Every structure is written in C-alpha cells, then in structure tokens.
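Summary of the model geometry
Next come the chains, spelled out residue by residue.
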Amino acid sequence: MNNAVNDEVWSGSWVAERLGVALVGDDGLPALLGLALRRNPKRAHLLVSNVLGKHVPQSPAVVYDHGLRLGRRVLDLLGEAEAATAVVLGYAETATGLGHAVADGLGRAPYLHSTRRPVAGLVPAGGFEESHSHATSHLLLPEDPGLLAGDGPLVLVDDEFSTGNTVLNTIRDLHERCPRRRYVVVALVDMRSPEDCARMERFAGETGARLDLIATVSGTVRLPEGVLEKGQELVARYEQAGPGPGAAGRGRPAKPQDVPPRTPAGTAAPAGRVDLGWPRGLPDGGRHGFTPAHRARLDTALPAMAARLRDALPAGARRVLVLGCEELMYAPLRLAHALERTTDAEVRFSTTTRSPVLAVDDPGYAIRTRLVFPAHDDPADGPGERYAYNVAGGGFDAVVAVVDSAADTPVLHAPDGLLARLAAHVPHVLLAVVPSYVPHAPERPAMLPEPLRGPAFSSYAPQEVGWLLQDLSAVTLEAPTEEREEAIQRGGAHYAESLPVEYQPSERYQELFHTALEESAARIARAVGAVTETVIAERSPRPVLVSLARAGTPVGVLMRRWAQFRHGLDLPHYAVSIVRGRGIDTNALRWLAGRHDPRDVVFVDGWTGKGAITRELAQAVEEFEVKEGVTGFDPEIAVLADPGSCVRTYGTREDFLIPSACLNSTVSGLVSRTVLRADLVGPHDFHGAKFYRELAGADVSGAFLDAVSARFPEVADAVEEAAKELLAADRTPTWAGWRAVERISEEYGIHDVNLVKPGVGETTRVLLRRVPWKILARAGAGADLDHVRLLAEQRGVPVEEVGDLPYTCVGLIHPKYTRGATGADGKAVTL
C-alpha cells in the first residue's frame, strides 16, 4: 500500500459505489473528505478528513493552516473588540487540535476542549452527549471555573457538522448555566440537511442569542434507504474474510486485529526516547484551559524542542510521521510543524483514535490500513482497543509517538502495545513524553451539618427520614408558573433556581386523590414490598436508603417501613437533592461517605420516565468518586415503578397512578422541591428546600403512608412470589422509554426531549408545575388518568388519545413558551 495522494481516485469512491452514499455540495468537498465504514451501530459511514490530522497522515503545515484560517474568519466576523472577550471550545477527541488552531487564529482567546478523562478533585463545569458517537460522554473541566462564566462570544469548534445535535446539546447545557448573547459555530465541513439547519435556526430563536456558523466547505450526505443495515453487513463480511494472498488493491480488507508486519515478530528494536525539554508548568493542551500566555510560552520553546526531535531522527530518514495520542493533538501538531521547518525530511502528522473503522486496502477507500493496540492511558470507561490508521504501509522511515505522561504506562510498552505495533512496520520508533498537566483543586472544609428532621423540618416523624438539605423557608422563591416557564425556556434561569407556587387542590380533586389512594394502596404496597425485598437480597442485607428528594422520599419511607414490618430492620433513611443538568449534591455524598459504607447506600426514587435522572446520577457518582477518591457508591436507582425500563431494581414496570404524584408538598412531608441557586447555596452547603408549615391543614403525607402500610399484611404472600420472580428474571434495562420519548419529540416537532415528560407521574408534574401544551393518553386508559383529565380540564389543555403509546400518558411542555405564545397547531395557549 502507498499512502501517497492519488489525484485520479477519490478516497470515497469505494463506499459510494457499494452503498450509494453521495457527497453533494461545494467543489472542494472531495479534496477534503473521503469515506470509510464504521463499526458503529448508530451510523454506517465515516467522513474521513484529509486535513484534520486524525485518520490520514498529512503535512502539519496544511493541518495547522486550516485551523488558523478558520480562526481568522471568526476574528473578521466578531471584530477586534468582541473577539477580545471570546472563548474557544473544541470537541474531544477529533477537534481538540483544530480548536486550538482556531484559537491561535483568533489571537487573544483562551481555549478549552471537552474531555473523556475525569480528574480527581476537579468539578466539571458542564457536560453533554454526542448521540451518534461510539463514546458519548464529554466533560468540561476548566481549572479556572470563570473561563466559561463570561458573557462574551463562545466559539464552538468541531471537525464536521452532520446534524448539529452535539453543538445544540452543548449550547443548551452551557446557556442554562451561564447565558451568552452570541455563539459562533466553526467546522471544516458543514454537512447538515436543510431540516438540521432549520432546527438550529429555531434553537437560536428560542435562546434569544445570535448564532453564526463558519465552515471551510458545505454540502450534504445523501444516504439511501437501508444504508445502516447494508453498511453493517458489509463491515461484517469484510472483517470475516481477512486479507488473503494478493489482496492489496482489490478491495479486500485488512485483518481486524492488525495488518501483516514488515519485520518478524520480536525482532524490532525498542523505541528510543527523546527528551523534549517541555517547559515546566506549561499545560499539554486545552483539557483544563490554555491561555494566550500559555501559547506565547509554547511558541518560544518550540524551536529548541523541534531541534531535539530533528537530532534524534535516524540519519537519512526521508519520510517521518509525528503521531499524537487521541485527545493530545495540539502539542504533537505544533512539534511536527516546527520539525517540518527544520529538516529536509517529508514530515507528516496524525494521531491515534478510539474510533473503530473498517480498513480496506483500496485507493478509493480512505482507511487503507489499521493498527490495533490496547488503550494505554487507564481510561475512565475501562480498557479497550485503540487504533492508528494509514500508518502501516505508509513508507515512513521513522515515527515519533507523542504521548502525555498519563499515557506512558506499561501497556504502551507491552508486546502488543502501540510502540510494538509501530515497530513492526516502521524501521525507527521514537517516544516523546509531554508532562500531563494536573490542575489545582481547591480545598474544602470537612464539617457538614447534621440532617434536618421533623417536626422542625417536614411533617414526617424524625426517625422516618433525615433531610441532607438546608432550610430556605424564610426565603421567597416562588414565581408564577408562566414566568418560570418563560425564563427557563429562554435560558435566563434554571428550573432549580425558583419554585412554582404550590398548587392548592379543589374539593373535587381532593376527592379524586383519596379515591385513587383507596383503589391503589394494595398495588403500591406490593410494589414497595417487591422492590425492598430485591434490594435486601441483591444490594445489601442492611441497606442505607437515600431517597432523591422529593418524589423519592415517600417511597423511601415506605421501603423503610416494609423492612421493619417484614424483617424487623430499622434502616437509616436520608433524602438528598439531585438537579437535572447539575448533578447530585456532592456535599451530601461526602456526609454519607463519612458515616456509612458507600457499598450499603441504595438510591431511591418514585418512578422512571425517560431515565434522565438515572443517567444524571450515574454520571454524578462517577465524577464524585474520581474527585473525592471515595469508591463504592452504586448509582443504580431503586424505584417503585420503572415504565421507562431504565433500571434493574424496581417493584413493577407498569405505568400506573402512584397517588403521591398527584400533589406537591402536601403529600411529601410539606417539603418543597429542592433549590440550587448560587447566592443561596455555597460550594460547601447542602442544596436547599422550604418547609411549608402553613399548609399543615391540607397535609396528607401521613395519610398516604398509613394507607399503604396498612395493606402490608394482606400483600405479604403476593410480595414473596413477586420478589422470587423478579430475582430470577432478566431485568436488563432496555431504555425503551428514552427511545419512545425521542420519537415523540420528533413526531410532534418539539426537538427537545426535556420537554417530553412520560408516564402518569411526570405528566402530573407537567400539569402542576409547568406550562403544558397537550397531553397524550393511551387509548382506553381508565381511572388512572381521572386526575390528569381533571387537571387538564382546569388548565384548558387538550388530551389526545394515542393508540400505540408505550406509557399510560405523556405530558408535553409547550415547546416555545412565552406569554401569549401559540403552539405548532396555531392555537393560543390557555392559561
């Protein structure tokens, strides 16, 4: 194989001919992009950039210049004054180097890139999901929290825009925390469809911010029907076939584990080390922030470091590859660029990747060869394969592997590690190690207050639950529902920064609650017993129940009562705060870890909807353990009902009415939803909540608990059978609820899963706390929806019956709420 550019054959023709994929757009598209096939169940094709420096070795001058030019275009767009207040954000892993180069072109802008490598002691400033990727979770870990707290333009850089969803997810997350007036989106190629472009325009209108887009070239990918299945079939067929004799150039694939080595196994010399003389304290990249001052230090040090690399190259080397490592792209790119200026050798640059791609040795295919080796940087998501593409057979006389010190591990030097794989194909291998930058984590006080308990806080008995919260009862936090909805959807406030005015039920609604409680108490008791027995059998014989305030707290109390009734156990029970988009109260986790074995902690909630809190908790616990060095917390939630199929520990997966969802504080110990606001909750405080003592006359919290507990004896036998069935069953989550919510979001033109609230409980919350648009009800749903129909009638919200709804009902929040707004159907919202 020869990696030299073939002007006569487009490196996307192999895929285009077999799958019917086509690139349509600017004339420069074929020069910038080739095509390959992914080993990815979400997307068949991969757009392979010829100028990114990831999969295709390229001149470092070409790679760096493309980023610089994009940065200068941003500077021209913003002007000097506004550019001086900008921050550049790049995406891991492919665009980390590109984003750096854009920041360099912009001039005075600091730079940060997302990362998949958590750091102990550093609190994430944000995070988001990349839906089509093989590895989706991104963290934002600036050493200086103020880096993302300004109001200047935010410049977001990615290598390509396929749908724009990743960018929208990022802006949504960051705008919710710190709104900005302007965002600029930058990419090498913009491949969005007209529908995707329209969605971004609508999103910009909803946030009220200006959103500009700059790309080197634009176009679209035309995908025929069934391309995903055809692509997966093609990948499977070619990987099973193996290369076979004489396969080069005839479209036969390389073996999945490696391509045949040029030298016999075991004969390659070990890699030589090059001491770069990296400046002390200079960050190795933008993972935790890279300022213009850092850039100036690097510029000063580069000539001497490049000279060390040049002097370490073997005599007569004519073709040299500088190979970076996953997110570490900028430092090796700048080293390669400086080396290119100081040597007569032809220098190329690329990096390793975690993205699995089929290799086919054909001039019309972008990924000609693949080297496979184990991850060597102890990744947070566990061990796995990593890849170096188009290196073997590239005619290189020497390769300089550049890694950071966190990745310089025994696995790197192992017989099947990266260095050995390289040495089997390249005569000379050099290793250059850049010191991993470790940011400073601020110290925090160790003392935290004891939990709040009734009757001083909540109407629950003191032994029933301890609230790991601070009392904000004296603070006015309530705002009309319509004002809160408008502020939330405009990005001016987070839902946890205020409270809705407490809904006071009518006499008719109170009658519905008591009727529902009488009819469902036995069913709830069975579910309480089943989930508690599962917890005791599988999680801990003496669990520490930690309910997610506030919907989980009545369930936690009932589980505690069941354990006492059936096993004579006096289980500790606490309530903690978790906030969508901001995670769990880490001070509460610190308190728990200081008094209990984290392995005994079981998080409890009322029900699952689409599983957003399930995901939020898993991410928050992972980040806490990395930051604090405390292990053992199991993030899986135990719930009464799991209609979304999001957890393994549940009492039932039926979507039925749990009467505690019908009301707010008056069925939850007179405690408000939790509050997280910077001027009220400091970094060393528990999250806050209010105790509505004035509503004691309407409180039915004890009545709800007592009605369910009274049914424990009559359901005991049924619980024993149900628990046996659950323990023997395959309870693997299918996340069917999440998929259903995504489908509903698209079908109804909402395009935001956060505005789709599935299940009886979540629908009730929409009607009580938000501005509802419409209610979807499963055709034939009975008394479980009586209270929903009444609330909908009182608020003038239409109820639409749907035949194939996977939930009993789904509540849709108005997708473009402003006071006086109209819905997608053109009808005014009735308030």
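For the structure itself, look to the data block above.
The paragraphs below set out a description of the structure included in this document. (Residues numbered from 1 in each chain as written. Predicted model: local features only at pLDDT ≥ 70, side-chain atom pairs only at ≥ 80, totals over all residues. Heavy atoms only, no water.)

1. Brief notes about the overall build of the protein
As a reminder, the rule being used: Helix and strand assignments come from DSSP, with helices taken as H or I runs of at least 4 residues and strands as E runs of at least 2, each series counted from the N terminus. Remark: exposure states derive from per-residue accessible area (1.4 Å probe, protein chains only) relative to the maximum for the residue type, with buried under 20%, exposed over 50%, and partly exposed in between. The criterion used for residue contact is that any of the two residues' heavy atoms lie within 4.5 Å. In this description, accessible areas are obtained by the Shrake-Rupley approach with a 1.4 Å probe, and a residue is regarded as covered only by the protein chains that are shown.
Counting its regular elements, the protein contains 20 helices and 32 strands. Among the 831 residues that make up the protein, the fraction classed as buried is 61%. Pairs at least 24 apart in sequence give 77% of the contacts found in the protein among residues at least 6 apart. In the structure as shown, the protein presents an accessible area of about 31,300 Å², 51% of it carried by carbon and sulfur atoms.

2. A short note on the packing of helix α13 (residues 552-567) against helix α17 (residues 712-728)
Worth spelling out the cut-off: Whenever a helix is involved, its axis is fitted only over the stretch in contact; in every case the axis is a line through C-alpha atoms, and angles between N-to-C directions fall within 0 to 180 degrees. In what follows, roughly perpendicular refers to angles from 65 to 115 degrees, roughly parallel to angles under 35, roughly antiparallel to angles over 145, and oblique to any angle outside these ranges. Note that Gly is not counted as nonpolar here; it falls among the polar residues with everything else outside the nonpolar set of Ala, Val, Leu, Ile, Met, Phe, Trp, Tyr, Cys and Pro and the charged set of Asp, Glu, Lys and Arg.
Running from N to C, α13 and α17 cross one another at 85°; their axes reach a closest spacing of 12 Å. Judged by the angle between their axes, α13 and α17 are roughly perpendicular. Residue-level inspection shows L558, R561, W562, F565 and R566 of α13 in contact with α17, the latter providing F712, P713, V715, A716, V719 and E720. Here the residues of the contact of α13 with α17 are counted per class, giving 8 nonpolar, no polar and 3 charged.

3. Brief notes about the environment of D784
Within the fold, D784 resides in the loop between β30 (772-778) and α20 (786-795). Note on D784: relative accessible area 21%, which makes it partly exposed. Between the C-alpha atom of D784 and that of P659, which follows or precedes it by 125 residues, the distance is 9.5 Å. Beyond its immediate sequence surroundings of up to four residues, D784 is in contact with R523, D655, F656, L657 and V760.

4. Brief notes about the side chain of T534
Positionally, T534 belongs in helix α12 (residues 507-538). With residues up to four places along the chain from it excluded, the contact list for T534 reads R539, T649, L726, L727 and R731.

5. Thoughts on the nonpolar core
Our working rule: In this description, a nonpolar core means a group of buried Ala, Val, Leu, Ile, Met, Phe, Trp, Tyr and Cys residues linked to one another through side-chain atoms lying within 4.5 Å.
In terms of nonpolar packing, the biggest core is built from 90 residues, with L37, V88, L106, V155, Y365 and V400 touching the most fellow members. Those residues in contact with L37, other than ones at most four positions away along the chain, are W14, V15, L19, A44, G231, L234, V235, V357, L358 and Y365. Counting residues in each nonpolar core, the second largest holds 70 residues, with F457, Y509, F704 and V788 among its members.

6. Brief notes about the sheet that holds strand β9 (residues 182-190)
So the rule is basically this: A pair of strands is considered paired only if DSSP assigns at least 2 bridges between the two.
One open sheet accounts for 6 strands, arranged β1-β10-β9-β8-β4-β5; its pairing is mixed. With one partner strand each, in any of the chains shown, β1 (22-25) and β5 (111-113) form the two edges of the open sheet. Taken pair by pair, the neighbouring strands of this sheet meet at an average axis angle of 25°, ignoring direction. As judged from the 4 bridges shared by β1 and strand β10 (residues 210-222), these two strands associate in the antiparallel manner. If you follow V24 over to β10, its bridge partner there is T220. In the packing of helix α4 (residues 96-106) onto the sheet, the strands contacted are β4 (87-90), β5, β8 (154-161) and β9, and the crossing angle to β8 comes to about 135°.

7. Examining the sheet that holds strand β29 (residues 756-758)
As summarised here, the arrangement of the 4 strands in space is β29-β32-β30-β31, forming an open sheet in which the pairing is mixed. At either end of the open sheet lies a strand with only one pairing partner, and these are β29 and β31 (799-802). Shown here is a sheet whose adjacent strand axes are inclined to one another by a mean of 20°, direction ignored. Two elements, β30 and β31, share 4 bridges in a ladder whose sense is parallel. Its bridge partner being in β31, L776 is matched across the sheet by E800. Where helix α18 (residues 736-747) meets the sheet, it contacts β29, β30 and β32 (809-813), and its direction lies at approximately 140° from that of β29.

8. Some thoughts on the packing of α12 against helix α16 (residues 701-709)
The following threshold applies: Should the near helix be turned counterclockwise from the far one by less than a right angle, the crossing is left-handed, whereas a clockwise turn marks it as right-handed.
Relative orientation of the contacting elements α12 and α16 amounts to 60°, with a least axis distance of 8 Å. With respect to α16, the axis of α12 lies oblique. In this structure, α12 crosses over α16, and the sense of that crossing is right-handed. Residues L517, A521, I524 and A525 of α12 lie in contact with α16, whose contacting residues are A703, F704, A707 and V708. Its residues placed into classes, the contact of α12 with α16 shows 8 nonpolar, no polar and no charged.

9. A look at unusual backbone geometry
Following A92, the chain continues to E93 via a peptide bond in cis, the omega torsion being -5°. Structurally, the position occupied by E93 is in the loop between β4 and α4. In this model, A549 is joined to R550 through a cis peptide bond whose omega is 5°. Along the chain, R550 falls in the loop between β22 (544-549) and α13. Of note, the phi angle at E326 is positive, near 50°, even though the residue is not glycine.

10. Description of the pairing of strand β13 (residues 346-352)
Strand residues, when the strand is regular, have side chains that alternate between the two faces of the sheet. Heads up, the condition is: Classification remark: right-handed applies to a crossover when, strands pointing away from the viewer, the course from the first strand over the helix to the second runs clockwise.
For β13, the buried fraction is high: 6 of the 7 residues fall into the buried class. Where strand β12 (residues 319-325) and β13 come together, 7 bridges link them in parallel fashion. Paired with C325 across the bridge in β13 is T352. At this point the chain moves from β12, through helix α9 (residues 330-342), to the parallel β13, and the crossover so formed is right-handed.

11. Some points on helix α15 (residues 612-628)
Counted only if it meets this: One fewer than the residue count of a helix, multiplied by 1.5 Å, yields its expected span.
Its 17 residues place the ends of α15 24 Å apart at the C-alpha level, agreeing with the 24 Å of an ideal helix rising 1.5 Å per residue. Residue G629 follows α15 closely and has a positive phi angle near 75°.

12. Some words on the packing of aromatic side chains
Filter applied, for reference: Think of it this way: a Phe, Tyr or Trp ring, Trp meaning its six-membered ring, pairs with another when their centres are within 6.5 Å, and the plane angle makes it stacked under 30 degrees, edge-to-face over 60, tilted otherwise. For a lysine, the NZ atom is tested; for an arginine, the CZ atom; a charge sits over a ring if that atom is within 6 Å of the ring centre and within 35 degrees of the ring normal.
Applying the stated criterion across every chain yields a total of 13 aromatic pairs. Here the aromatic rings of F457 and F691 are separated by 5.9 Å at their centres, their planes lie at 55°, and the arrangement is tilted. Here F457, found in the loop between β17 (428-434) and β18 (466-467), pairs with F691, found in the loop between β28 (688-689) and α16; they are 234 residues apart in sequence, far enough to count as distant. In this pair, the class of F457 matches that of F691, namely buried. Three or more aromatic residues joined by ring pairs form one cluster here, namely F457, Y460, W467 and F691. Directly above the aromatic system of W735 lies the positively charged group of R615, at a separation of 4.5 Å from the ring centroid.

13. So, the pattern of salt bridges
Definition in use: Each salt bridge in this description consists of a side-chain nitrogen of Lys or Arg and a carboxyl oxygen of Asp or Glu lying within 4 Å of one another.
For the coordinates displayed, the defined rule picks out 46 salt bridges. With its nearest N and O atoms 2.8 Å apart, the salt bridge here joins R319 to E346. With R319 in strand β12 and E346 in strand β13, this pair connects stretches of sequence that are 27 residues apart. The residue R348 makes a salt bridge to E346 at a minimum N-O spacing of 2.8 Å. A relative accessible area of 32% means that E346 is categorised as partly exposed. One connected set of salt bridges, linked through shared partners, spans R117, D284, R287, E327, D377 and D404.

14. Here we look at helix α14 (residues 586-595)
As a reminder of what qualifies: As used in this structure description, the phrase polar contact means that two N or O atoms lie within 3.5 Å; if the pair is within protein, one of them must be able to donate a hydrogen and the other to accept it, and residues adjacent in sequence are counted only when both atoms belong to side chains.
The set of residues buried in α14 consists of N587, A588, L589, R590, W591 and L592. The elements touched by buried residues of α14 are β22, β23 (573-579), β24 (583-584), β25 (601-607) and α15. A distance of 3.0 Å separates the backbone nitrogen of N587 from a side-chain oxygen at the start of α14, and that oxygen is part of D585.

15. Some points on the environment of G581
Assignment of secondary structure puts G581 in the loop between β23 and β24. The exposure class assigned to G581 is buried, which follows from its relative accessible area of 19%. Separated by 31 residues in the primary sequence, G581 and A612 place their C-alpha atoms 9.4 Å from one another. The contact partners of G581, leaving out residues within four places of it in the chain, are D173, R177 and E616.

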